[in-house]
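Architecture at a glance
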Amino acid sequence: VGHCHPDIVKAAHEQNQLLNTNSRYLHDNLVDYAERLSKTLPEKLCIFYFLNSGSEANDLALRLARQYTEHEDVIVLDHAYHGHLTSLIDISPYKFRNLEGQKEWVHVAPIPDTYRGIYREDHENSVTAYADEVKKIIEHARKRGRKIAAFFAESLPSVGGQIIPPAGYFQKVAEHVHKAGGVFIADEIQVGFGRVGKHFWAFQLQGEDFIPDIVTMGKPIGNGHPLACVATTKEIAEAFAATGVEYFNTFGGNPVSCAVGLAVLDVIEKEHLQAHATEVGNFLMKILKEQQIKHPIIGDVRGCGLFIGVDLIKDQAE
């Protein structure tokens, strides 16, 4: 919502003057914020865990998936990056390929990129072809006696090159993953909170019939204030609680963070920032496409709202 937005500064300052304490102490802001956030999501995503960073959120999502499914393995997209904790470097090909390499429990699916990927725009059904790659991974893992806990993906892969997965891809993947006893985790840390313009969440671009089992949030959620969240279903949360080891985060969901989170939602609404992202994004796409006509180095211009990628190439044919 912009650097030093006065409404955000005011909300943090006012709450700081009253109380900021650890999350052992109950406070209305936590409940008010969870309730407000829930209105942006499909009804079944009704349990919220508050944390301090996107990396913490993704790590918790991994734990939730494993506890619920009682499986270990994770399928990720090629080039993905999900955070800086050890558990997340392990599921980030962008990082682990330069470090200790791929763990046995990690499986890498091709990124659903219809410009540069293995199935392109001229393919008769790139959606099914890319989803079938995930199905093959699941079958191959099963033959090796391994079981899938989760398919873990950014709703719009960012580090992988601002990729817009073809509509329907997530539905087909979710079908294969659920059949294998796994869950679908949508990482909205970079792309959520209205960035795509027409929807509040990027996973909604796939259509109303697609709902992830777990959604993770970070970055824009607190406009620079350390705040993050994991939203999930009652079934997954109950399986997690059944261990008897309660989830606790000292500062996750503290009164100041929640005051900031509420203020961010207010500003997005009050200043019509979703409509703004659509309008400015469309304008930017239009002028980039004008440049594309002039310059053969620009191979592709793609995007949605203010999530935009320009693919620079050496050769148009190749």
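Everything quoted here is computed from the prediction, not taken from an experiment. (Residues numbered from 1 in each chain as written. Predicted model: local features only at pLDDT ≥ 70, side-chain atom pairs only at ≥ 80, totals over all residues. Heavy atoms only, no water.)

With respect to the pairing of strand E2 (residues 73-77)
Our working definition: Only protein chains enter the accessibility calculation, which uses a 1.4 Å probe. A residue is then buried if its area is under 20% of the maximum for its type, exposed if over 50%, and partly exposed in between. What counts as a helix is a DSSP run of H or I of at least four residues, what counts as a strand is a run of E of at least two, and both are numbered from the N terminus. Any two strands between which DSSP finds at least two bridges are classified as paired.
Summarising burial for E2: five of the five residues are buried, a large majority. In E2, alternate side chains face the same way, and those of Asp73, Ile75 and Leu77 on one face and Val74 and Val76 on the other are all buried. Across four bridges, the pairing between E2 and strand E4 (residues 148-154) is parallel. The residue of E4 that forms the bridge with Ile75 is Phe151. Looking at chain direction, E2 and strand E3 (residues 106-109) are connected through four bridges and run parallel. If you follow Ile75 over to E3, its bridge partner there is His107.

Re the nonpolar core
What counts here: Residues belong to one nonpolar core when they are buried, are Ala, Val, Leu, Ile, Met, Phe, Trp, Tyr or Cys, and are joined through side-chain atoms within 4.5 Å. Contact criterion: two residues are considered in contact whenever any of their non-hydrogen atoms come within 4.5 Å of each other.
With 53 residues, the main nonpolar core has Tyr33, Leu37, Val134, Phe151, Tyr169, Phe193 and Met217 as its most contacted residues. A per-element tally of this core places helix H9 (residues 255-270) first, with nine residues. Beyond its immediate stretch of four places on either side in the chain, Phe151 contacts Ile75, Leu77, Val134, Tyr169, Val173, Val177, Val183, Phe184 and Ile185.

As for a nonpolar patch on the surface
Our working definition: Each patch is assembled from residues with relative accessible area greater than 30% and no salt bridge, linking like charges that lie within 9 Å and nonpolar side chains (Val, Leu, Ile, Met, Phe, Trp, Tyr) that lie within 5 Å. Note on areas: Shrake-Rupley with a 1.4 Å probe; residue coverage comes only from the protein chains shown. The salt bridge definition used is simple: a Lys or Arg side-chain nitrogen within 4 Å of an Asp or Glu carboxyl oxygen.
Taken together, the side chains of Val280, Leu284 and Leu306 define a hydrophobic patch exposed on the protein surface, amounting to about 190 Å² of accessible area. Considering the arrangement of structural elements, one finds Val280 in helix H10 (residues 273-294).

Thoughts on the side chain of His5
Following the sequence through the fold, His5 ends up in the segment before helix H1 (6-18). What makes His5 buried here is its relative accessible area of 9%. Not counting residues within four places of it along the chain, the set of residues in contact with His5 comprises Asn223, Val267 and Glu271.

Thoughts on the domain arrangement of the protein
Rules: Domain start and stop positions are those given by an automatic or database domain assignment. Values labelled buried area give the accessible surface lost by two parts on being combined, using a 1.4 Å probe and summing over both.
Looking at the protein, the domain boundaries give domain 1 (8-271) and domain 2 (276-312). Here the C-alpha centre of domain 2 lies 26 Å away from the C-alpha centre of domain 1. Between domain 1 and domain 2, the contact holds 16 residues from the first and 14 residues from the second. Carbon and sulfur atoms make up 59% of the surface buried where domain 1 meets domain 2, a total of about 1200 Å² over both sides. Sorting the residues of domain 1 by area buried against domain 2 places Tyr115, Gln162 and Arg195 first, and these three jointly supply 46% of that buried surface. Taken together, domain 1 and domain 2 are joined by one salt bridge. Across the salt bridge formed by Arg116 and Asp311, the nearest N and O atoms sit 2.6 Å from each other.

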